[in-house]
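In case you want the letters, here they are:
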Amino acid sequence: MTNERSYPETLIAVEDVHRSFGGTLAVRGVSLGVRSGEIYGLVGPDGAGKTTVMRLVVGALRAESGRILVCGFDVSGEPEQARSCIGYLSQRFSLYEDLTVLENIRFFAEVRGLPAADWVSRCTQILEFVGLLEFADRRAGQLSGGMKQKLGLASALVTRPRVLLLDEPTTGVDPVTRQNFWQLVIRLTSLPATESERPVAVLLSTPYMDEAARCGRVGFIRDGRIIAEGAPSVLRERLQGRILELRGAPLHLLRQAVRQDADVDDVQAFGDRLHVRLRSQSSAAQIDRLAAMIRSAGGKIDAIRPIPAALEDVFIDLSAGEHA
Amino acid sequence: MREVVIHVEGLTRRFGDFVAVDHVTFDVHAGEVVGYLGPNGSGKTTTLRMLLGLLQPSEGNARVLGYDAFRQSEQVRERSGYMSQKFALYDDLTAIENLEFYAGVYGKSAKARVTETVALVGLRELESVLARSLSAGWRQRLALAIALVHQPQLLFLDEPTSGVDPTARRAFWDLIYGLAADGVTVVVTTHYMDEAEYCERVGVMREGQLLAFDTPLNLKLRHIPGDVWEVFAEPLHEGLAALQGVEGILRVGLAGDHLRAITRRGTKKERLRRALLLENVDVKTIAAGEPSLEDVFLTLAG
């Protein structure tokens, strides 16, 4: 690694951006930065402002205030240069079902203005990277869902973008395919920093916590604002030792019983268990006390133990704080 | 034992050479909340359509609420509610007008039932709001109300909480548990692993086959062949390489800011630490992790 590369380079810089639609503020002061080699997840429910931020970054929408730089280019001042750095895989990417895999990629290469001399070798290289080279002559319509998704990624990569935008990239796909897809994205962000292949910066948007958990850094977005940001493990630390898993029967009785306890902040039912969120770190004495409460209420306990907090717990805890 | 509400035996559906549903057998009991989990194209919807009598099986049979799903599909549908992920609401009608409209479609226009349903899903204060002005979470509750207005004994939910705020999602599931406690049987089809966690029992579908059907806990106990570890190490990619192929490690992958490893049961975390140190990877922490339904799926599919 050379000296200049040892400094992280911010490839996507969003600075205090606002955008409204018909008087409603959809994005209200969002700032974020994504460095080369980083996967940043913009995580929030539908309507939180994720898609608007993505569309502002690709330059499909204009910010009303604030500034967005992609690879150092101002998205509104130098849109051509900024856009040439971006590969975008939207949730509903379009493929030409009647064209072969290779023809599809070639189409995207030509649209993006790649000279023919460049794209032949480039297409082959990318198809090999995503594992579709042996299917180069198959019609896109004949591909499985997972292969289509890889072709979508290949099309987004054909211009050698330094910035990759992914919109809910693995929604609805087989977990096996999903793992393979993530391995590809991770490889893109971990390639050695040579002149020809620098690690890409990835900005991903998703409402799904399991997709979020795979990002190196996460920004929770709610009502057009980022309410928390950090590595998943750092965000989860907020609730370290504060989530108990409780199994037993009958669950509704267990739930009523533990709710009475002053230290219990929230109780969530799952199919075969409860998750109890405490106001502070759990202690053995406290667990014993809860167990005693349940027994005296006539409930049966199969297991009660502290478990690591999930990102979803963190999001809910943060949202509760927002409303308080 | 609770009464059997759905009894499916050897249910199979072929489309030409393609076997969409391949000899599927399971029972669902009254008041259960059951998940039917699988990726798109795994046969979930085809199964559902056969249960509702919309599609004839190639083989096997299904009894739903005591009726033959295909020959007595009218009776089944009268007693079943269905909420799709892509539910259609009339945006220009208010919440209650939507509900009244659908109640009319079901032939149950009784005002009292509409009012009762509005209260049940907690929509009373928003009943005069136009559907288009409702948030995703409230739209979803309205869709649930529509599926419930004819008082079904069996409720089918197709990816009911995808894309909804986690807080709204939890509230939604509380409603569902309330319905189940009153005896309504709930079947949730989904491809989201975390949505399946809300179900009492989960059927795992892949390529037309039902690979397992059990509680989330039992699925994890029976199908994950070892222990889960969360490994925090620097640099992460070198750490990944260092752990791959180490004796006792069944699977290792990157999970955002850490590595997630599944080891053969009884493997000590010292072994992971040593393998990392050997490759000069700096180990921050190695902590026990929680198995997920995704781990189960990967093992079953593997």
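Residues numbered from 1 in each chain as written. Chains lettered and ligands numbered in written order. Predicted model: local features only at pLDDT ≥ 70, side-chain atom pairs only at ≥ 80, totals over all residues. Heavy atoms only, no water.

Draft legend 1. A look at the domain arrangement of chain A. Taken domain by domain, chain A consists of domain 1 (10-231) and domain 2 (241-307). Just the C-alpha atoms count here: the centres of domain 1 of chain A and domain 2 of chain A sit 42 Å apart. (Domains from an automatic or database assignment.)

Draft legend 2. Structural context of a nonpolar patch on the surface. There is a patch of nonpolar side chains on the surface, built from Tyr96, Phe107 and Val111 of chain A and spanning about 270 Å² of accessible area. Along the polypeptide, Phe107 of chain A turns up in helix H3 (residues 101-111). (Patch = residues over 30% accessible without salt bridge, like charges linked within 9 Å, V, L, I, M, F, W, Y side chains within 5 Å. Areas by Shrake-Rupley, 256 points an atom, 1.4 Å probe, with all protein chains shown as cover. Salt bridge = Lys/Arg side-chain N within 4 Å of Asp/Glu carboxyl O. Helix = DSSP H or I, 4+ residues; strand = E, 2+ residues; numbered from the N terminus.)

Draft legend 3. Representation of the state of the cysteines in the model. Residue and element names in this part refer to chain A. Applying the stated rule across the entire model yields 0 disulfides over all chains. Cysteine Cys85 is unpaired, with the sulfur of Cys71 as its nearest cysteine sulfur at 3.5 Å. Judged by relative accessible area, which is 10%, Cys85 ranks as buried. Cys215 takes part in no disulfide bond, and the closest cysteine sulfur to it belongs to Cys71, at a distance of 19 Å. By relative accessible area, which is 0% here, Cys215 ends up buried. (Disulfide = S-S within 2.5 Å. Buried < 20%, exposed > 50% of the residue type's maximum accessible area, 1.4 Å probe, protein only.)

Draft legend 4. Focus on the sheet that holds strand S14 (residues 282-288) of chain B. All names here are of chain B. The strand order across the open sheet built from 4 strands is S12-S13-S11-S14, with neighbouring strands paired in antiparallel fashion. Pairing within the sheet leaves two strands with one partner each, and these edge strands are strand S12 (249-255) and S14. With direction set aside, neighbouring strand axes in the sheet form an average angle of 25°. With 6 bridges connecting them, strand S11 (residues 226-234) and S14 associate as antiparallel partners. Within S14, the position partnered with Phe232 by the bridge is Thr285. Lying on the sheet, helix H11 (residues 293-301) is in contact with S11, S12 and strand S13 (258-264); it crosses S12 at an angle near 130°. (Pairing = 2+ DSSP bridges. Axes fitted to C-alpha atoms, helices over the stretch in contact; angles between N-to-C directions. Contact = heavy atoms within 4.5 Å.)

Draft legend 5. Region of the structure containing unusual backbone geometry. Pro250 of chain A follows Ala249 of chain A through a cis peptide bond whose omega is -15°. Mapped onto the elements of the fold, Pro250 of chain A is located in the loop between strand S11 (243-249) and helix H9 (251-259). Along the chain, Glu234 of chain B connects to Pro235 of chain B via a cis peptide bond; the corresponding omega equals -15°. Along the chain, Pro235 of chain B falls in the loop between S11 and helix H9 (236-243). Unlike most non-glycine residues, Asp16 of chain A shows phi in positive territory, near 45°. Non-glycine residue Cys71 of chain A carries a positive phi angle of around 55°.

Draft legend 6. Seen up close, the pairing of strand S8 (residues 185-190) of chain B. All names here are of chain B. Burial runs high along S8: 6 of the 6 residues are buried. What you see with S8 is no split at all: Thr185, Val187 and Thr189 on one side and Val186, Val188 and Thr190 on the other are buried throughout. Pairing of strand S3 (residues 33-37) with S8 involves 5 bridges; the strand directions are parallel. When the sheet's bridge partners are listed, Tyr36 is paired in S8 with Thr189.

Draft legend 7. Spatial organisation of the interface of chain A and chain B. Residue-level contacts link 44 residues of chain A with 39 residues of chain B. Counting the surface lost from both chain A and chain B, the interface buries some 3500 Å², and carbon and sulfur atoms represent 51% of this. Where chain A meets chain B, there are 10 salt bridges. Remark: the boundary between chain A and chain B carries 18 residue pairs in polar contact (both at pLDDT 80 or more). Sorting the residues of the side of chain A that touches chain B by element identifies helix H6 (175-190), helix H7 (209-212), helix H8 (232-237), S11, strand S12 (264-269) and helix H11 (311-323) of chain A as the ones contributing at least two each. Grouping the constituent residues of the side of chain A that touches chain B by class yields 19 nonpolar, 9 polar and 16 charged. (Buried area = accessible area lost by both parts, 1.4 Å probe. Polar contact = N/O pair within 3.5 Å; in protein donor to acceptor, adjacent residues only side chain to side chain. Nonpolar A, V, L, I, M, F, W, Y, C, P; charged D, E, K, R; others polar.)

Draft legend 8. Layout of the side chain of Asp214 of chain B. Residues and elements named next belong to chain B. Within the fold, Asp214 resides in strand S10 (residues 209-214). At 3.2 Å, the side chain of Asp214 and the side chain of Asn218 are in polar contact. A distance of 2.5 Å separates polar atoms of two side chains, one belonging to Asp214 and the other to Arg222. When neighbours within four sequence positions are excluded, Asp214 is seen to be in contact with Glu200, Arg201, Val202, Leu219 and Arg222.

Draft legend 9. Focus on the packing of aromatic side chains. Across all of its chains, the model carries 13 aromatic pairs over all chains by this definition. Both rings, one in Phe107 of chain A and one in Phe108 of chain A, keep their centres 5.8 Å apart while their planes meet at 85°; by these two values the pair is edge-to-face. Relative accessible area serves as the criterion here: at 22%, Phe108 of chain A is assigned to the partly exposed category. For the ring pair Phe101 of chain B and Tyr102 of chain B, a centre distance of 5.3 Å and an interplane angle of 85° mean the geometry is edge-to-face. Members of the aromatic cluster, joined through ring pairs, are Phe270 of chain A together with Phe172, Trp173, Tyr177 and Tyr198 of chain B. (Phe/Tyr/Trp six-rings, centres within 6.5 Å; stacked < 30°, edge-to-face > 60°.)

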